[in-house]
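Here is how the chains run, residue by residue.
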Amino acid sequence: MLSQDQVKHLEFIQAVITRLGNNSFLVKGWCLTLAAGLLAFAAEGSRWSVAATAFVPLVAFWFLDGYFLWQERLFRKLYDQARKPGAEVELFSMNPYPCAGQVRWWQATFSVTLSLFYGGIGVAHLAVLLAVVLG
């Protein structure tokens, strides 16, 4: 059975996981909003430079979202270790980096969900860029 302090520690870790998930959601929303605005502006004025430049924030948001997902996975590992009776995790430690060998940043960044979301937006960027350049 877990002590009151151990339960409180798990609550702290869960709060960080929740905040990281919310940050990821916000990043996706901002990326979609910015992408739609830039692509509409590029298509309306037939500006290939705007369509090409729109890839920069897309990649930045993708990597930032990958970072948040990586952090979330690290904290999930920390939670998993801290929840076990007799855990080696120091009480109230919020350092997830001892778990970093188990979860890689690039695996989170290029996960199926992020690749489909940002890859889909990237395909839209490419389609608009080609339409502006060729049309």
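A. Local environment of the packing of aromatic side chains. The tally for this structure, following the rule as stated, stands at nine aromatic pairs. On the numbers, 6.2 Å between centres and 50 degrees between planes, the contact of Trp70 with Tyr97 is tilted. Of this pair, Trp70 sits in helix 3 (residues 55-82) while Tyr97 sits in the loop between helix 3 and helix 4 (105-109), and the two are 27 residues apart along the sequence. Taking relative accessible area as the criterion, Trp70 reaches 14% and is therefore assigned buried. Relative accessible area serves as the criterion here: at 42%, Tyr97 is assigned to the partly exposed category. Taken together, the aromatic side chains of Trp62, Phe63, Trp105, Phe110, Phe117 and Tyr118 make up a single cluster linked through ring pairs.

B. Representation of the UniProt feature "transmembrane region" (unreviewed entry) in the chain within the structure. The positions that UniProt labels "transmembrane region" (unreviewed entry) are, in the present scheme, residues 25-43, 50-70 and 115-134. With 100% helix and 0% strand, residues 25-43 has its two end C-alpha atoms placed 27 Å apart. The distance separating the terminal C-alpha atoms of residues 115-134 is 27 Å; by composition the span is 100% helix and 0% strand.

C. Main features of the environment of Arg83. Within the secondary structure layout, Arg83 lies in the loop between helix 3 and helix 4. In sequence terms Arg83 and His9 are 74 residues apart; their C-alpha atoms lie 9.0 Å from each other. Of the polar contacts made by the side chain of Arg83, one reaches the side chain of Asp80; its length is 2.7 Å.

D. Spatial organisation of the packing of helix 3 against helix 5 (residues 112-134). Where helix 3 meets helix 5, the axes come as close as 11 Å, and the angle between the chain directions of the two elements is 180 degrees. One finds that helix 3 runs roughly antiparallel with respect to helix 5. Residues Phe55, Leu58, Phe61, Trp62, Asp65, Gly66 and Leu69 of helix 3 form the contact with helix 5, whose participating residues are Leu114, Ser115, Tyr118, Gly119, Ile121, Gly122, His125, Leu126 and Leu129.

E. Quick peek at helix 1 (residues 4-45). For helix 1, spanning 42 residues, the distance from its first C-alpha to its last is 62 Å, which sits close to the expected 62 Å at 1.5 Å a residue. Within helix 1, the full set of buried residues consists of His9, Leu10, Ile13, Val16, Ile17, Leu20, Ser24, Val27, Cys31, Ala35, Leu39 and Ala42. Buried positions along helix 1 lie against helix 2 (48-53), helix 3 and helix 5. Ser46 sits one or two residues past helix 1 and shows a positive phi near 50 degrees.

Criteria and thresholds
Residues numbered from 1 in each chain as written. Predicted model: local features only at pLDDT ≥ 70, side-chain atom pairs only at ≥ 80, totals over all residues. Heavy atoms only, no water. Phe/Tyr/Trp six-rings, centres within 6.5 Å; stacked < 30°, edge-to-face > 60°. Helix = DSSP H or I, 4+ residues; strand = E, 2+ residues; numbered from the N terminus. Buried < 20%, exposed > 50% of the residue type's maximum accessible area, 1.4 Å probe, protein only. UniProt positions renumbered as here; feature names shortened; annotations may be inferred. Polar contact = N/O pair within 3.5 Å; in protein donor to acceptor, adjacent residues only side chain to side chain. Axes fitted to C-alpha atoms, helices over the stretch in contact; angles between N-to-C directions. Parallel < 35°, antiparallel > 145°, perpendicular 65-115°, else oblique. Contact = heavy atoms within 4.5 Å. Expected span 1.5 Å × (residues − 1).

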